[in-house]
Amino acid sequence: MSVQTAARPSSSSAGTSSQPKIRTPRLRFPRAARSRRSRRSLALTLLMGLVLLYSLAPLFWLLVNATKTQDGLLNSFGLWFDGDFALWDNIARTATYDGGIFLRWFANTVLYVVLGAGGATFLAVLGGYALAKFDFPGRKAVFAVVIGAVAIPGTALAVPTFLMFSQMGLTNTPWAVIIPSLISPFGLYLMWTFATEAIPTEIMESARIDGASEARTFFQVCLPLLTPGIVTVLLFTMVATWNNYFLPLIMLKNPDWYPLTLGLNAWNAQAGTAGGEAIFNLVITGSLLTILPLIAAFLLLQRYWQSGLSAGSVKE
Amino acid sequence: MIKTLTRRGLLQTSAVAAALALGLTACGGGGNAAPQQTVNSDAVEAALQKGGKLTVWAWDQSLKKVAEGFEAKYPNVDVNLVNAGTGNDQYTALQNAMSAGSGVPDVAQIEYYALPQFALSKSLAELGQFGAADLDGTFTAGPWSSVQAQGGVYGLPMDSGPMALFYNKQLFDKHGIAVPTTWDEFLEAGRALKKADPKAYIANDTGDAGFTTSMIWQAGGKPYKVDGTNVGVNFSDEGSTKFAETWQKLIDEDLLAPISSWSDEWYKGLGNGTIATLSTGAWMPGNLVSGVADGAGKWRVAPLPQWEKGANSSAENGGSSLAIPAASSQAALAYGFLKYSNVEEGVQARIDGGAFPATSKDLASEKFQNTEFKYFGGQKANQIFAELAKNVPAGWSYLPFQVYANSIFNDTAGQAYVSGTKLKDGLAAWQKASVKYGTEQGFTVKE
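Residues numbered from 1 in each chain as written. Chains lettered and ligands numbered in written order. Predicted model: local features only at pLDDT ≥ 70, side-chain atom pairs only at ≥ 80, totals over all residues. Heavy atoms only, no water.

Caption draft 1: Main features of the overall build of chain A. A tally of regular secondary structure across chain A gives 14 helices and zero strands. Reading chain A from its N end, one meets helices and strands in the order α-α-α-α-α-α-α-α-α-α-α-α-α-α. Across the 316 residues in chain A, those meeting the buried criterion constitute 37%. Summarising the internal contacts of chain A: among those between residues at least 6 apart in sequence, 73% fall at separations of at least 24. With an accessible surface of roughly 18,100 Å², chain A has 68% of that area assigned to carbon and sulfur atoms. (Helix = DSSP H or I, 4+ residues; strand = E, 2+ residues; numbered from the N terminus. Buried < 20%, exposed > 50% of the residue type's maximum accessible area, 1.4 Å probe, protein only. Contact = heavy atoms within 4.5 Å. Areas by Shrake-Rupley, 256 points an atom, 1.4 Å probe, with all protein chains shown as cover.)

Caption draft 2: Geometry of the interface of chain A and chain B. Taken together, the contacts link 30 residues of chain A with 30 residues of chain B. Carbon and sulfur atoms make up 59% of the surface buried where chain A meets chain B, a total of about 2,500 Å² over both sides. It is L74, L163 and K253 of chain A that lose the most area in chain A upon contact with chain B, and together they represent 22% of the buried surface on that side. For the pair chain A and chain B, the number of links is one salt bridge. For D98 of chain A, the salt bridge goes to K64 of chain B, with nearest N and O atoms at 3.4 Å. Across the chain A-chain B interface, the total number found is six residue pairs in polar contact (both at pLDDT 80 or more). (Buried area = accessible area lost by both parts, 1.4 Å probe. Salt bridge = Lys/Arg side-chain N within 4 Å of Asp/Glu carboxyl O. Polar contact = N/O pair within 3.5 Å; in protein donor to acceptor, adjacent residues only side chain to side chain.)

Caption draft 3: Local environment of the sheet that holds strand β6 (residues 156–157) of chain B. All names here are of chain B. Taken in spatial order, the five strands make up an open sheet running β2-β1-β3-β14-β6, and their pairing is mixed. Unpaired on one side and paired on the other, β2 (77–82) and β6 mark the two borders of the sheet. Sheet topology places β6 next to strand β14 (residues 320–323); two bridges connect them, and they run antiparallel. Following the sheet pairing, P157 is matched in β14 by S321. (Pairing = 2+ DSSP bridges.)

Caption draft 4: Representation of unusual backbone geometry within the structure. Residues and elements named next belong to chain B. For Q150, which is not glycine, the phi torsion reads 50° and is therefore positive. Relative to the assigned elements, Q150 resides in the loop between β4 (148–149) and β5 (152–153). You will see that W262, though not glycine, has its phi angle at about 75°, which is positive. Looking at W262, the relative accessible area reads 25%, which means it is partly exposed.

Caption draft 5: Main features of the pairing of strand β7 (residues 163–168) of chain B. Residues and elements named next belong to chain B. When you tally the buried positions in β7, you get six out of six residues, the bulk of the element. With five bridges joining them, β7 and strand β12 (residues 277–281) adopt antiparallel strand pairing. Across the sheet, the residue bridging to L165 is S279, located in β12. Where β7 and strand β13 (residues 299–303) come together, five bridges link them in antiparallel fashion. Bridge pairing in β13 places N168 opposite W299.

Caption draft 6: Quick look at the nonpolar core. Residues and elements named next belong to chain B. Core analysis: the largest hydrophobic core is formed by 115 residues, its most contacted members being F70, I110, L127, W247, Y335 and W430. Considering every element that reaches this core, the biggest residue donor is helix α13 (residues 331–342), with eight residues. Those residues in contact with Y335 that lie beyond four places of it in its chain are V44, L127, F130, G131, A132, L135, L156 and I324. (Core = buried A, V, L, I, M, F, W, Y, C linked by side-chain atoms within 4.5 Å.)

Caption draft 7: Local environment of the packing of helix α6 (residues 139–151) of chain A against helix α9 (residues 185–198) of chain A. All names here are of chain A. For the pair α6 and α9, the least separation of the axes is 8 Å and the interaxial angle reads 130°. By the angle class used here, α6 and α9 are oblique. Taken as a pair, α6 and α9 cross one another with a handedness that is left-handed. Contacts between α6 and α9 pair F143, V146, I147, A149 and V150 from the former with P185, F186, L188, Y189 and W192 from the latter. (Axes fitted to C-alpha atoms, helices over the stretch in contact; angles between N-to-C directions. Parallel < 35°, antiparallel > 145°, perpendicular 65-115°, else oblique. Left-handed = near helix turned anticlockwise from the far one by under 90°.)

Caption draft 8: Summary view of the pattern of salt bridges. Residues and elements named next belong to chain B. By the definition in use, this model includes 13 salt bridges over all chains. For E345, the salt bridge is made with K73, and the minimal N-O distance between the two is 2.9 Å. Of this pair, E345 sits in the loop between α13 and α14 (346–352) while K73 sits in helix α3 (residues 63–73), placing them 272 residues apart in sequence. Through salt bridges with shared partners, a single network forms among E188, R191 and E253.

Caption draft 9: Broad picture of the packing of aromatic side chains. Residues and elements named next belong to chain B. According to the stated counting rule, one finds 50 aromatic pairs over all chains in the structure shown. Ring plane angle 75° and centroid distance 5.7 Å describe the contact between W183 and W247, whose orientation is recorded as edge-to-face. Note that W183 is positioned in helix α8 (residues 183–196) and W247 in helix α10 (residues 238–252), a separation of 64 residues in sequence. The exposure class assigned to W247 is buried, which follows from its relative accessible area of 2%. Ring geometry for W217 against W396: centres 5.1 Å apart, planes inclined by 5°, an arrangement best described as stacked. Of this pair, W217 sits in helix α9 (residues 209–218) while W396 sits in the loop between α17 (381–390) and α18 (402–407), and the two are 179 residues apart along the sequence. By the burial criterion, W217 is buried, and W396 matches it. Taken together, the ring pairs in this structure connect Y113, W217, Y224, F235, W396, Y398, F409 and W430 into an aromatic cluster. (Phe/Tyr/Trp six-rings, centres within 6.5 Å; stacked < 30°, edge-to-face > 60°.)

Caption draft 10: Main features of the side chain of T359 of chain B. Residue and element names in this part refer to chain B. Mapped onto the elements, T359 comes out in the loop between α14 and α15 (360–364). The buried category is assigned to T359, whose relative accessible area is 2%. One polar contact links T359 to D362, side chain to side chain, over a distance of 2.6 Å. Contact partners of T359, with chain neighbours within four places excluded, come to T138, F139, N342 and V347.

Caption draft 11: Molecular detail of the confidence of the model for chain A. Residues and elements named next belong to chain A. Across chain A, the average pLDDT comes to 83, with 84% of residues at or above 70. Confidence, read as mean pLDDT per element, is least for helix α1 (residues 8–11) in chain A (42) and greatest for helix α5 (residues 87–133) (94). Predicted confidence for residues 1–33 stays below pLDDT 50, and this span has nine contacts to residues more than four positions away or in other chains. (pLDDT = per-residue confidence, 0-100.)

Caption draft 12: Expanded view of helix α10 (residues 201–209) of chain A. Residues and elements named next belong to chain A. Among all positions in α10, only I203, M204, S206 and A207 are buried. Projected down its long axis, α10 carries its buried residues within an arc of 165°, all on one side. Of the exposed residues in α10, the ones pointing more than 90 degrees away from its buried face are E202 and I209. Taken together, the buried residues of α10 touch α5 and α11 (214–243). (Arc of directions from axis to C-beta.)

Take a look at the structure:
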């Protein structure tokens, strides 16, 4: 019966044509009031502009310098374009240098993100849901462990993890990167808080009364309600796995299994070796290519994420 | 299988982690070498014919060609060449693998300065058992003494780095400055260059442990004395003092460009005339060709400036050996690879790849000596390098914890480059910190 109404909080932003008649005027009034105030926050706007410049400048630098040759990189002004535009050539060389190993690193990173971050999100959703909605003995203990785990940086665990994995014979395999990535205490904590707020217990009860199994209640009733939270956790774990450096550095010795972070660093280190070729232009172009998927993921997923930000802000 | 971590297990784990952080397994285990079985060259040959899979950790690019040639000559051997990181990164990884007891390679590239550390902790196979001692005379004196430690041979020299003076001839000609032959003239040339062009520097230096020790080596200094676990550190000898005094003047008069070697700014400075000279190992030409295309035709090579007028001495800078970790189960096969790479056919493949050999025979060969370097305006630079390789003062040794010592150089001696500290006092501070660390690690250290 009331299962359908559950969709209300999350779909309100989509704005179906039948409902918002009553709401629109209410929304507009505060906006008008705000525009009057905006004139006074000129300093704040300037500050925002500065912050924007500060965060975009490195990106701009990366974009500009990815268009230069190794020579141009060293002999032209850093924040503007050089005479010859070598971006396409750089991309082609990045993709083919050293037997096309960059593409292999790219594929590795995607593999680690899909299995690692995807798996971590899945586990966090299951765990967070269970902790938020079910009462069972030891719940407080689990809470303490999770909170404690959030405080321990993964870097501190890397060496013990390495020793354990090496006993199990898993070092130098993709599993050594994927398995530790599956654990995301912060993601679990986030999902837990979110599930507590976003799923009214009454809905679950009504689903049970209607005869839905636990699995069906979870997948068909609760999961859609959790979408903003899931996307948030997915973004967090994705960024963490995509940028992961220290764990693969310790675990992997075979360049064939490197993620992009390690691979690009290896290319960069090459310039400091006797007999090694300096390829700063390829490192920069590779870095640019490396951040593109993350930017795309943010742009595609941000609306789900934003709708999640308002969770719990209005008391019903 | 995952064991639950007991308190003891945790302690062991953290102890290993601490050892990793220090880069040195202090638990050397008495001092007795593993029981040595003498393996003659037939056994190595048999292992080569039988074959197997050989894992080699090396960052040197020219080894690719060597591995191909080796596999062609011994079809049953499969070489798995892995770039496990450069320099220190690789040593950490090697130490990790040794501590964990798995994933240890059969052959590892180890720089000369780091070799004693691995040899002392019994992490490497002693190569005398394969007849490596017979190779005396095959290599030039500097590299050959670099692979000796604890009374044994722990690696075969892969390359060498006799130091030479690389200089931007165009810049010197433009300002009418003579190329220095002594370090005093070097100082004068630095002053003249600064006067003629305030933007140009005679050299770059922001404090580099390897460069400093090499310079002291050339000056005849012997700050490190090593006899087993008895170690002496003393930077007040004549050679160290000579270096400190001259370099202090260069620092005080702002004659050294504040640019760190190997940075992009450094590559730029070498090309555009900001940095006029480079005193470094003979392996440098390859890097100049690929990294400083702008300098082609402008740069030349000269003998390293001398501390005494008319002298003729150099020092080794950089260079690495190939060694066999003690944990390798295929030491005989691995030795076959070492010999192929560093004594036999592999040497030529590496020379063709731009490496500078450590074998006397190849250094003296006509083909090598007569190679004309287009980058250096057609100069036969190898003749200069080979001459310098012969004139490396004997008796130099690195600390058995040099990797650590070098890692704290910039906190101690390096301060002279960025603050008012005198280089002499900086070296004294480096000495004190090295002694402290060595004592903590169980060495008997004298100042």
